[in-house]
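Structural overview
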Amino acid sequence: MEIRRDVFQAIADPTRREIIHLLSRQSLNLNAIADNFQVSRQAISLHIKILVECGLIVIRKQGRERYCEPHFEPLNQVADWVDQYKNFWEGRLDKIGLLLQEMQKKGQKGNKDN
Amino acid sequence: MEKVVQVTRVYPATIAQVWATWTEPELIKRWWGPALFTCPQARIDFREGGVSLVAMQAPEQMGNVVFYSIWEYKKIIPQQRIELIQNLADSAGNKMKPVQLNMPADFPEDVLTVITFKDLGNGKTELTVTEHADFGQMSHFAQLGLEQSLDKMGSIW
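Residues numbered from 1 in each chain as written. Chains lettered and ligands numbered in written order. Predicted model: local features only at pLDDT ≥ 70, side-chain atom pairs only at ≥ 80, totals over all residues. Heavy atoms only, no water.

Let's talk about the overall build of chain B
Filter applied, for reference: Segments assigned H or I by DSSP are reported as helices when at least four residues long, segments assigned E as strands when at least two residues long, and all are numbered from the N terminus. Only protein chains enter the accessibility calculation, which uses a 1.4 Å probe; a residue whose area is less than 20% of its type maximum is buried, one above 50% is exposed, and one in between is partly exposed. In these tables, accessible area is a Shrake-Rupley quantity obtained with a 1.4 Å probe, and a residue counts as shielded only by the protein chains included in the view.
Summing up its helical and strand segments, chain B has three helices and seven strands in all. Reading the secondary structure of chain B in the N-to-C direction produces β-α-α-β-β-β-β-β-β-α. The buried share of chain B, taken over its 157 residues, is 43%. Taken as a whole, chain B presents about 8,200 Å² of accessible surface, with 53% of it coming from carbon and sulfur.

Structure representation (C-alpha cells):
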C-alpha cells in the first residue's frame, strides 16, 4: 500500500486520534466507528480515508461488511521522533567521556606523586 | 503521558571528577550541545533554587544560531544527585515557550532532568541522565506503535 500522507498529520486531528483508540481495542466496521461520534458518517469516512492513506488502517471485507483493522507500525515513526531526544543525550555523555579522559591526562602531567 | 528518556555511562573516573563536569562552567562548555555545536556561554549558579544559563551555538552551515537553555536546580545532593528543570530561554535567561522560538508545539517544556552519580568502585563512576518530558500526544502514539508490533506476535483481539 502506498503511503501518501504523513503519520504525524494523521494523528494531529483529535477525531482521528479517537478512531485509533477505538481500533486499538478491536476491529470495527464503519458504522460502528461512526456511532461513537456526533459528526456525520461522511466526515468519519473522510477521516478513515486519511488513516488508510497513512497506512494506519487497512480495510478488510467480510461478506458485506468492511472492517477497519489497525496497523499501527507506522506509529513507530513517532517513536523515532521522540528518540532523537535520547540521541542528544547520548552525544553529550560521549563528550563528557572524552572530557574526563583529557582531565585525567592533564592531572597526570602535573602530578607525578599524586 | 510522560516519556522518560534515559541514558547512562560508566566512566573510568572518580565521582568528584564526573561531578565537576556538571558544576564547573569551563567544563560544562566542553560538552553541552550536540556534535558540531559549540557552547559559547555557561553562566552557572549551582545551588538549590539557582538558575544556570547555558548556550549552544549552531555551526556556520546552520547560521551560527544560538539557543539558550536555563537549568533551575530543584535538588542537589552533593556527589550523588542533581535534579533540575530545563527550559528554552532567551539570552537574558527568561523562560521562553517553544513556539516563540519556532519549535514545534509539542516540544517539551519544564523538562525535569535527574542526574545521578554512582561509585562502582575500582575508580569507576556510573552517570545516569533521565529526562521526564511530556511529549504531549506523541509519546502515547509511540507507545501504541510499539504495542501493535508486540501484538502481532499472536494475540487475538
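Here the narrative resumes, following the displayed structure.
So, unusual backbone geometry
All names here are of chain B. Even without a glycine there, the phi angle at Asn64 is positive, about 55°. Tracing the sequence through the fold places Asn64 in the loop between β3 (51–57) and β4 (66–77). The exposure class of Asn64 is partly exposed, given its relative accessible area of 37%. A positive phi angle is found at Asp110, which is not glycine, with a value near 50°.

A closer look at the nonpolar core
Our working rule: Buried residues of nine kinds, namely Ala, Val, Leu, Ile, Met, Phe, Trp, Tyr and Cys, make up a nonpolar core once their side-chain atoms join them within 4.5 Å. What makes two residues a contact is simply this: any of their non-hydrogen atoms within 4.5 Å.
Counting 33 residues, the largest nonpolar core has Trp22(B), Trp31(B), Trp32(B), Trp71(B), Phe117(B) and Leu127(B) as the members making the most contacts within it. No other element matches the six residues that helix α5 (residues 76–110) of chain A contributes to this core. Once you skip the residues sitting within four places of it in the chain, Phe117(B) turns out to touch Ile15(B), Val18(B), Trp19(B), Trp22(B), Gln79(B), Gln80(B), Arg81(B), Ile82(B), Glu126(B) and Leu127(B). One finds Ile11(A), Leu22(A), Leu28(A) and Ile48(A) within the second-largest nonpolar core, a separate group that totals 23 residues.

Describing the sheet that holds strand β3 (residues 65–70) of chain A
Residues and elements named next belong to chain A. Test applied: Strands are labelled as partners when DSSP assigns at least two bridges between them. Helix axes use the C-alpha atoms of the stretch in contact, all axes being lines fitted to C-alpha atoms, and the angles between their N-to-C directions lie in the range 0 to 180 degrees.
Spatially, β1-β3-β2 is the arrangement adopted by the three strands of the open sheet, whose pairing is antiparallel. If you trace the sheet from one side to the other, it starts and ends with β1 (28–29) and β2 (57–62), each paired once. As defined by bridge partners, β1 adjoins β3 across two bridges and the pair is classed as antiparallel. For Leu28, the partnering residue across the bridge sits in β3 and is Cys68. Of the strands in this sheet, β2 and β3 touch helix α4 (residues 41–53), which is tilted by about 110° from β2.

Digging into α4(A)
Residue and element names in this part refer to chain A. In plain terms, the rule: Multiplying one less than the number of residues by 1.5 Å gives the expected span of a helix.
End to end, α4 covers 18 Å across 13 residues, agreeing with the expected 18 Å (1.5 Å per residue, within 8%). Of the residues making up α4, those classed as buried are Ile44, His47, Ile48, Ile50, Leu51, Val52 and Glu53. Where α4 is buried, its residues contact α1 (7–12), α2 (14–25), α3 (30–34), β2 and β3. Just past α4, the residue Gly55 takes up positive phi, approximately 80°.

Considerations on the side chain of Thr15(A)
Residues and elements named next belong to chain A. Residue position: Thr15 is located in helix α2. Using a relative accessible area of 19% as the deciding quantity, one classes Thr15 as buried. Excluding residues that lie within four positions of it along the chain, Thr15 makes contacts with Phe37, Ile44 and His47.

A word on helix α1 (residues 15–23) of chain B
Counted residue by residue, α1(B) has seven buried out of nine residues, so it is predominantly covered. Buried within α1(B) are the following residues: Ile15(B), Val18(B), Trp19(B), Ala20(B), Thr21(B), Trp22(B) and Thr23(B).

Overview of the packing of aromatic side chains
The condition is simple: Planes of paired rings set the category: under 30 degrees apart is stacked, over 60 is edge-to-face and the rest tilted, where pairs are Phe, Tyr or Trp rings (Trp by its six-membered ring) whose centres lie within 6.5 Å.
For the structure on display, the rule yields eleven aromatic pairs over all chains. Ring centres 6.4 Å apart and planes at 45° place the aromatic pair Trp89(A) and Trp31(B) in the tilted group. Placement of Trp89(A) in helix α5 and of Trp31(B) in the loop between α2 (25–28) and β2 (42–43) is noted, with the two residues assigned to different chains. On the accessibility criterion, Trp31(B) (0% relative accessible area) is buried.

Re the packing of α2(A) against α4(A)
Residue and element names in this part refer to chain A. We count it as follows: Any angle that falls under 35 degrees is termed roughly parallel, while one over 145 is termed roughly antiparallel, one within 65 to 115 roughly perpendicular, and all others oblique. Any residue outside Ala, Val, Leu, Ile, Met, Phe, Trp, Tyr, Cys, Pro, Asp, Glu, Lys and Arg is labelled polar, Gly included; the first ten of those are nonpolar and the last four are charged.
Interaxial distance between α2 and α4 falls to 10 Å at its minimum, and their mutual angle equals 75°. The orientation of α2 relative to α4 falls into the category roughly perpendicular. For the pair α2 and α4, the contacting residues are Thr15, Arg16, Ile19 and Ile20 in the first and Ile44, His47, Ile48, Ile50 and Leu51 in the second. Of the residues in the contact of α2 with α4, the class split is six nonpolar, two polar and one charged.

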